[in-house]
Every structure is written in C-alpha cells, then in structure tokens.
Amino acid sequence: MRFFIRDDAPAASAHVASYIVERINHFGPTPAHPFVLGLPTGSTPLGVYKILADKYKAGEVSFENVVTFNMDEYIGIPRDHPESYHTFMWKHFFSHVNIHPSNVHILDGNAPNLEAECVEYEAKIQAAGGIDLFLAGMGEDGHIAFNEPGSSLASRTRVKTLAYGTILANSRFFDDDLDQVPKMALTVGVQTVLEAREVVVLALGARKALALQRCIEQGVNHMWTLSALQLHPHSMIVCDEDATLELQVKTVKYFKDIDQVARAEGFEQILPSKVRTGPSKVPTTIITDEFPAPTILSPQPTTSRLLRATPATEYPLRSRSPSPDASSARHLLATPETEYTQNTEYSMYSRASTPDLMPDSMASRIGDPALLRRATPNPDSQRLTPRAVSPNLSAVPRTNGIKV
Amino acid sequence: MPSVVRSASPRHNGITKFTNCRLLRGEELVWDDVWVSSATGKVIRSQTAFYDEFIMPDEVVDLGGRILSPGFIECQLNGAYGFNFSTDNDMPQYGKQLRDLNKKLVQTGVTSYIPTVTSQSRSLYKKVLPYLGPSGASRRPQDGAESLGAHVEGPFLNPTKNGVHNPAILRVAESFSDLEEMYGAANLTPASEFDPAPSSPSSSSSSVRSRSSSDPLSSAPIKMITAAPELGAMTSLIPALTARGILVSIGHSEATYEEASTAVTAGATMITHLFNAMRPLHHRNPGIFGVLGVAPAPNDQDKRPYFGLIADGIHLHPATVKIAWHAHPAGMILVTDAMHMVGLPDGRYPWTNGEGEHYIVKKGNVLELEGTGIIAGSSTTLIECVSNFLNYTGATIPQALRAVTATPAAMLGVDGVKGCLDAGADADLVVLSELGFPEKGSEREGGDGRRELVVDEVWKFGVRVF
C-alpha cells in the first residue's frame, strides 16, 4: 500500500488528481483500449473533480477515451433529482469535461429489476476490460461506496439497505423529510472495488481519522470495509494531516519517510510500467491456498484464506452452471466428501472447502459428463490413457475462480 | 470485443454549450454552463440530454468569464433605424422595413419587443397592426428580434397629458365597440377565435405573424394598450381587454391615486413610462406613482403594477429612477421609448402624428418636437439604459438586467419562455462584457469610473445572430 500524507485537503486532492491525470496520459487510451475509471460521489472527491476539470480545460488531459463506472446510486429517486448521484456527477464532473455519455456508467436506481441491473453492471465492467483505477472516498465508519460496516468483503454489486443513521443524516438534503429520503441504494461491492487494477482512496479531515487508523494500522475487518484494501496489490491512500490524528507517530513518520526518500531519489511510487500501459485483461478473483498467481506484473486481486469461505455468490457472472442454487452449496460445505460427485458441473463452488489433502480423480474436475461416467472411484484402476482425455481438457476453463 | 468507446455522433445535433460564463439566474450571476439547441431554439436540460439521449454539444463556446444574459425584452419602442412603426406613408415597403429593423434591433441585444404605435388615426392602426403582431412562431433566428405583439399607446389618452401625441386625434372610449372601431376587431381578438387566414396584407409577408393556436405566444396582434383610465368608460373596459389576453397599462393620464388604484383593481398591470406624461407625485395625492406604495394585504400577493422607466438620462432624473426602483424593485422595467431616429445622425426628421406635417429634431440623444421643446421620445438603446441604471442606483448587474429580462417577461406573461435561461425557455441570449467595473480591474476603461455593459454577442433561438 502506498500512503501519502499531504498538508491539507487541497494538496491531497491535487495529488490524487495529478496522479489520475498522469495515469491516463501514460496509459494512452484509445477507443479500442480505453482507460476505465471508477468514480465515487460525496464531499471528499469534490476537490479532485474540480482539479480534473481544470486540467481538462488547460488541455493537460482528455477524457475522450475514458470509460467511467460510478460506485453507487440511490434507489427510487429520479435521475435529475438534485441529490441523485447522476446529478452530482453531472454537476461536478461530467459537464465540465469531454467525456462521452455512452462511456459513462452509473447504476440505475429506477431499473425495473434491480438485481438484474447489478448483474449487468458487473458484466459491463468486465466487458470494458475491468477497472484500471478505482477512485474512492472513505466513510467516517470506514465504508467504501455504500458498503457500510458489516458488509461482506467479498460482496459484489447489489441492492443495499441504508442504515437508519445514514437515512437520518441524509434527510438534510431532502427537506428534512424522512419519507423523501431513499432507504436503499445500489452499490458496487467490496470485491468489485478490489478487482480494479488499482484503487486510490482519498481521506480528508479529522472525522476520517479513526477510520483511517482502522484501515491502515489494524487488520482486515468487515466492520471497516475499506480495510480490505490491505489485500489489494496496488492500492494507494492519500490523506491530509487532519486525517492522521489517530495514527501512530511511527506510522505517519514511516510513510512520510518513504515518500520523501522516493521523491528525493526522483523515484515516484508508481505502478510497474506494464500495468500502467498494458492491454486490458479482465481480472479474475483467484481463490487459492497457495498464492501463486499475482505477480507484480500481472496483478490479480487475491481472495486469500481470509476470505475463502464464501466468494461473492450473490450474483453469478457468466456462470455456465445451470442452477447454482444456494442449498446445494450448503450441502457441499456440510459434506465435503460428496463434492467430487456433485461438482460435476462448473459451479462457483467448485473448490475444496478445507485445505486437507483428499484423493482426487482428475476426471472429476473436467466436468464432461461423458468422461465422468467413465470416471471410477479408484483412479489406479482407470485404464484410459491420458492422451484420450487431453483434447477435452483444453476446452475446459479453469474452475477455481468464481467466474468460470 | 467491440469497442466500448463509441465515436461521437457525426450527425450534427445543433447543440451549443456555453461555458466559462456567468449566467443571470434570479438575483445572482452564477458560474454555470448553458446548453442550447438550434433545432428547437430552446435552452435544453443538459443533464437529461447527456444521460438519456447520449448527446454531446456540437460546439462549445468559451465566453471567457463574460456575462450570459437572457435576451432583452423592450416594452416601449416606437421605431428605429429610420423606420417608424406608426407610419402608413409607404405601405408596400412596410413589411420589408420591419424585417430590416428586426435584424438590426437584435444586434442591440433586444431579442423580443412589443412594437409601439403612438396615437394615430383609425386607418393607420388597421393597416399596420396586422404586421406588428407576434412574429416568433416561425422561430427563424435570422429574422432577428421578435415581436411579442403590438403596444398601442393611445389614442385613448388624456389630452392634457398628451406629451407629443397630437391632441386632435385623442379619443374617449365609452364602450368596447369604440376600441374595436379604433383598432379593428381582428386586432383585438386572439388567434383561436379568429379566422386563420385573414385577408390582411400580412398573409403574403414572411415577417408578419403566423398564427397558431398551439403557440402560447400567439395572441391578438395587440398585446398591450396604454390608456388613461379616468376617461370615459376605460376603467370598466379593462376586464374585457385582459380577458382577451391584452394587457392594460396606465399612461398619459391625469388619474388620481384613487382612479389609478381602481384601474389596477380592474386589471391594469402596467404603468407606461412612469412619471412622464402623468401627474407628479404630490404628498397628499400621490397619483399614479402612489399605487407603487400600496402595502399588500396580509396573505395576499403583491398586486402592484409593473412600471416602465425611461432611464435615458433625459426623461428622468437619476434620483427619480432610484426612488422608483426602490419603491417596487420587482416591478421595474427599463424601456427606451426610442423613436425611429435611434441609430440615425442628428437632424430634422418627419414624423407621422395623426394629421399634418410634424418634425422631430434630433440633437445627440435628445429628441424634441420641433417648435415645442417637448421631449419626443428618446434615441437611446436598451443596453445604454441598463448601464445608466447601474450608475444611477448602484444596483447590482443582476438587478439591472432583471429589469429588461425576467420582469418584462413576467409582465407580458411569457415568463419561463422569455427572459430566463431555464431549460425549456427560448434560447435568446446576450453575451455582455463589463467596462469600468472596479472588481474587474478595469477601473479606467469606462471613463470617469462609469460602469458600462456592452453587448458582445446576441443569439436568437440558439443561433448566433450578432
């Protein structure tokens, strides 16, 4: 994690804005290879949007080939409502830059089928090649998007009920009338954010100090959802001095030292160049016991042992499984030994639920029913030659991720 | 993978975005953008266009921090550039001259106006009024300034307050048929009740009104009548006029405070060039000006009339302008009362005034009826009046601009369509720059510290016309 402390809010916002501009320009987006930017709403990023708009007007950056995905939107208020996030983004950012409307994605809180809207949103992110940089603010309680305390760290885009305190706090924007305040919202999940190739978080002001401390100095915890950022290979937090109030002097000094040394050496703490310019590749969450996949050159969000109990299961994405229903999942978890026979279709549950070594028939992992009929409980007595199986193997996608 | 970035629509949508400008919004100048469509001629809701219709503006106009105001609305204009609305000397040329005037007038920032016809003979009204009715239905930007309907100033005026109007032709109305006889019934009748194909000379002319009952601006050719309410049955005729959508303005009148109040109660909503051609304020009978001092009844809306002020520096003392403005800021409308000599060199100009030969002498901005010393209208422009007002009163720019935009629009019942920059309004715009405003760091430019607004650009129906 890169952590930058700036003197005040404008300096912190300027740092983030400059970083984003630098990223976009270095990326060199084209229509076929756009830069995909995740965007937040709220008071924190206002300064960043202002500077980005100014930089656009000064000709320092173009949003011509930038695709954006917003984090969240209220359910049930019109798009042109003054408090909607559509309005916010239009007012503070989109109207000031040359972004094309068809490249802008904001969840539709008035969609007839909200769940389908969420699934589609995740699919759109995938179709755009995944998010290159997700900008985020930090909530006072450490939330990211509407992933308030207690949200699953493996969550995906979904419908979220707002906490009563949030509704009360929001009522000031709705004529102090609780009835008018949206009670629900659509939001990307923590996992959605973690799958971005890079996450940049801005935390401003003393009110964010405790959350910042929890997210940096303490462990990953769903009560401070942003702490999941510790699992991300390329995360960056930028804050002002006020937000460091709860941090240890040691922490602050450490990160300031790094920043100082890096700058003195002329070495910016940037991403490896391949990540910064490389062609978009849809990142896949890897659930593994061995941490083999991500390298510095091909960052992959990793859901580690810490998160392995339930990968984001609310909305299957491109699952080839005919019906991955939850009851079978529970069944599988309860009786691991049945997994190998039941797990013949590619479902999102197709992985060992315990790390214990279990004898395994390779054929059972292939999932070709024709082969499975031929699989025997005892691999040693299997007479098929490997060659006979291999043509099928090549056609089989990997099954260890949630997307197969 | 298909490209997720769609190329910008090559099809021109005619949308222009104004940015880096200060918009006149109510009492403030607001830094914001405005999107206008030349296809609909209206200000569009940019957020909806962006999210719902995936529209990007064809053209982005950076105004460099200048002021973007709604187009001005002139409520008292007798003619300009040598063309007098009150003339029947050369009727075949009337339509052409009117079109020329509209194209020139729009360059002064006046995008809509109510052409004013002074006290004239019956025959002249019937000839010219069909030309002067609402002309915006065609929505052609190149036509220039748009008539919102004619303003007939007379002849039902008080002979003792005639100004330069010929007292010999002033009349007293006793019934509605007197009005119809004078102006012609067709000119007092809204389009929906009227034969859509009048046999007037206008039907072949492109600049005259094209009536359509669906157009809210389409109404009778006459939009406003200035009359002296104390004469004849005029006060009792006001409701019949307002029922036809015709506004009644008190002017050229000896009306007392009581008579003026009665006229206002009957439905008069305007005072024509306040202070000029009426009794001066007397502290025991405040006269027409007094109705601006009425306190609205509790829980009742303000029913005080609007009033026109000629802030040309000649008709009114600057202090008088300021007093009137303070009396009823929301009712003040700046007008020029300009004659056809505006835009012409000094000299002696013939003038149709009912009967006989008359001449008006122009010397600088002063117009006098030859041989009388009576002020005969002005030869100023509306933007000059706005600048004058700023200097007379120390008002803010929004307060001054409001008097030529939102307030006249409200008076004429076209608020929301004209005189504002809200989505759905007609995209009539004026770009203004400031001279001599200390806060702009150009203190010396206006000379003597005078603050001045200058019309840089004019847009009509979303198209730049100046």
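Given the structure is predicted, the values throughout are model-derived calculations rather than measurements.

**Points about the overall build of chain B**
Along its length, chain B carries 11 helices and 23 strands. Per-residue burial for chain B yields a buried fraction of 57% across its 466 residues. Nonlocal contacts in chain B, meaning residues at least 24 apart in sequence, comprise 70% of its contacts between residues at least 6 apart. Accessible surface, chain B: about 17900 Å² in total, of which carbon and sulfur atoms supply 52%.

**Digging into empty space enclosed by the protein**
Residues and elements named next belong to chain B. Summed over all chains, the structure comprises 7 cavities of 30 Å³ or more. Taken as a whole, the largest cavity holds about 80 Å³ of empty space. Taken together, 13 residues line the largest cavity, and the ones lying closest to its centre are L77, L105, T108, T380 and T381. Counted by class, the lining of the largest cavity contains 8 nonpolar, 4 polar and 1 charged residues.

**What to know about the confidence of the model for chain B**
In low-pLDDT regions, the fine details of the predicted coordinates are not to be read closely. Residue and element names in this part refer to chain B. Summing up the model confidence of chain B, the mean pLDDT is 86 and the portion of residues at 70 or higher is 89%. Low confidence marks residues 1-10, where pLDDT is under 50. Its contacts with residues over four positions away, or in another chain, come to 22 contacts. Residue range residues 441-446 is modelled with pLDDT below 50. Its contacts to residues more than four positions away, or to other chains, number 12 contacts. Reported confidence for the predicted complex is 0.77 by ipTM and 0.77 by pTM.

**A closer look at the interface of chain A and chain B**
At the junction of the two partners, chain A supplies 26 residues and chain B supplies 20 residues. Contact between chain A and chain B buries roughly 1900 Å² in total, counting both sides, with carbon and sulfur atoms accounting for 60%. The largest contributions to the chain A side of the interface with chain B come from A:W90, A:H100 and A:P101, which together make up 34% of the buried area. Taking the shortest distance from any N to any O, the salt bridge between B:D52 and A:R79 comes out at 2.4 Å. On inspection of chain A and its partner chain B, the count reaches 6 residue pairs in polar contact (both at pLDDT 80 or more).

**Focus: unusual backbone geometry**
The omega torsion of the bond from B:G154 to B:P155 falls at 5°, within 30 degrees of zero and hence cis. Structurally, B:P155 is set in the loop between β11 (150-153) and α4 (176-183). Positioned with a positive phi, A:A145 is a non-glycine residue whose angle comes to about 50°. Its place among the elements puts A:A145 in the loop between β6 (133-137) and β7 (158-161). Even without being glycine, B:Y81 reaches a positive phi, approximately 50°. Along the chain, B:Y81 falls in the loop between β7 (79-80) and β8 (83-84).

**Quick look at the pairing of strand β16 (residues 332-335) of chain B**
Successive residues of a regular strand alternate their side chains across the two faces of the sheet. All names here are of chain B. Of the two faces of β16, the one lined by M332 and L334 and the one lined by I333 and V335 are each fully buried. Bridge count for strand β15 (residues 306-310) against β16 is 4 bridges, and the pairing is parallel. Opposite L309, over in β16, you have L334 as the bridge partner. Handedness of the crossover joining β15 and β16 through helix α8 (residues 318-327) is recorded here as right-handed.

**Brief notes about the state of the cysteines**
Applying the stated criterion across every chain yields a total of 0 disulfides over all chains. Sulfur of A:C215: no disulfide; nearest cysteine sulfur belongs to A:C239 and is 12 Å away.

**Thoughts on the side chain of A:K160**
All names here are of chain A. With respect to the helices, strands and loops of the structure, K160 is situated in strand β7. One buried charged residue, K160, forms no salt bridge at all, with the nearest opposite charge on E148 at 5.2 Å. Ignoring any residue separated from it by four or fewer positions in sequence, one finds K160 in contact with F146, N147, E148, S151, K183, M184, A185 and T187.

**Some remarks on the packing of aromatic side chains**
All told, the structure shown has 27 aromatic pairs over all chains when counted by the stated rule. On the numbers, 5.0 Å between centres and 75° between planes, the contact of A:Y254 with A:F255 is edge-to-face. A relative accessible area of 48% means that A:Y254 is categorised as partly exposed. Ring geometry for B:Y94 against B:Y131: centres 5.0 Å apart, planes inclined by 50°, an arrangement best described as tilted. Here B:Y94 is found in helix α2 (residues 91-105), whereas its partner B:Y131 is found in helix α3 (residues 122-132), with 37 residues between them in sequence. No difference in accessibility class separates B:Y94 from B:Y131, as the two residues are buried. Grouped by ring-pair contacts, the aromatic residues A:Y49, A:F63, A:F88, A:W90, A:F93, A:F94, B:W35, B:F50 and B:Y51 constitute a single cluster. Looking at B:R348, its charged tip hangs above the ring of B:Y359, at a distance of 3.7 Å from the centre. The ring of B:F461 carries the charged tip of B:K460 above its face, separated from the ring centre by 4.5 Å.

Rules used in this analysis
- Residues numbered from 1 in each chain as written.
- Chains lettered and ligands numbered in written order.
- Predicted model: local features only at pLDDT ≥ 70, side-chain atom pairs only at ≥ 80, totals over all residues.
- Heavy atoms only, no water.
- Helix = DSSP H or I, 4+ residues; strand = E, 2+ residues; numbered from the N terminus.
- Buried < 20%, exposed > 50% of the residue type's maximum accessible area, 1.4 Å probe, protein only.
- Contact = heavy atoms within 4.5 Å.
- Areas by Shrake-Rupley, 256 points an atom, 1.4 Å probe, with all protein chains shown as cover.
- 1 Å grid on protein atoms, 1.4 Å probe; cavity = no way out; pocket = protein on both sides within 12 Å on 5 of 7 lines; lining within 4 Å.
- Points joined across faces, edges and corners; volume = space filled by probe spheres on them.
- Nonpolar A, V, L, I, M, F, W, Y, C, P; charged D, E, K, R; others polar.
- pLDDT = per-residue confidence, 0-100.
- Buried area = accessible area lost by both parts, 1.4 Å probe.
- Salt bridge = Lys/Arg side-chain N within 4 Å of Asp/Glu carboxyl O.
- Polar contact = N/O pair within 3.5 Å; in protein donor to acceptor, adjacent residues only side chain to side chain.
- Pairing = 2+ DSSP bridges.
- Right-handed = clockwise from strand over helix to strand, strands pointing away.
- Disulfide = S-S within 2.5 Å.
- Lys, Arg positive; Asp, Glu negative; His and termini not counted.
- Phe/Tyr/Trp six-rings, centres within 6.5 Å; stacked < 30°, edge-to-face > 60°.
- Lys NZ or Arg CZ within 6 Å of the ring centre and 35° of its normal.

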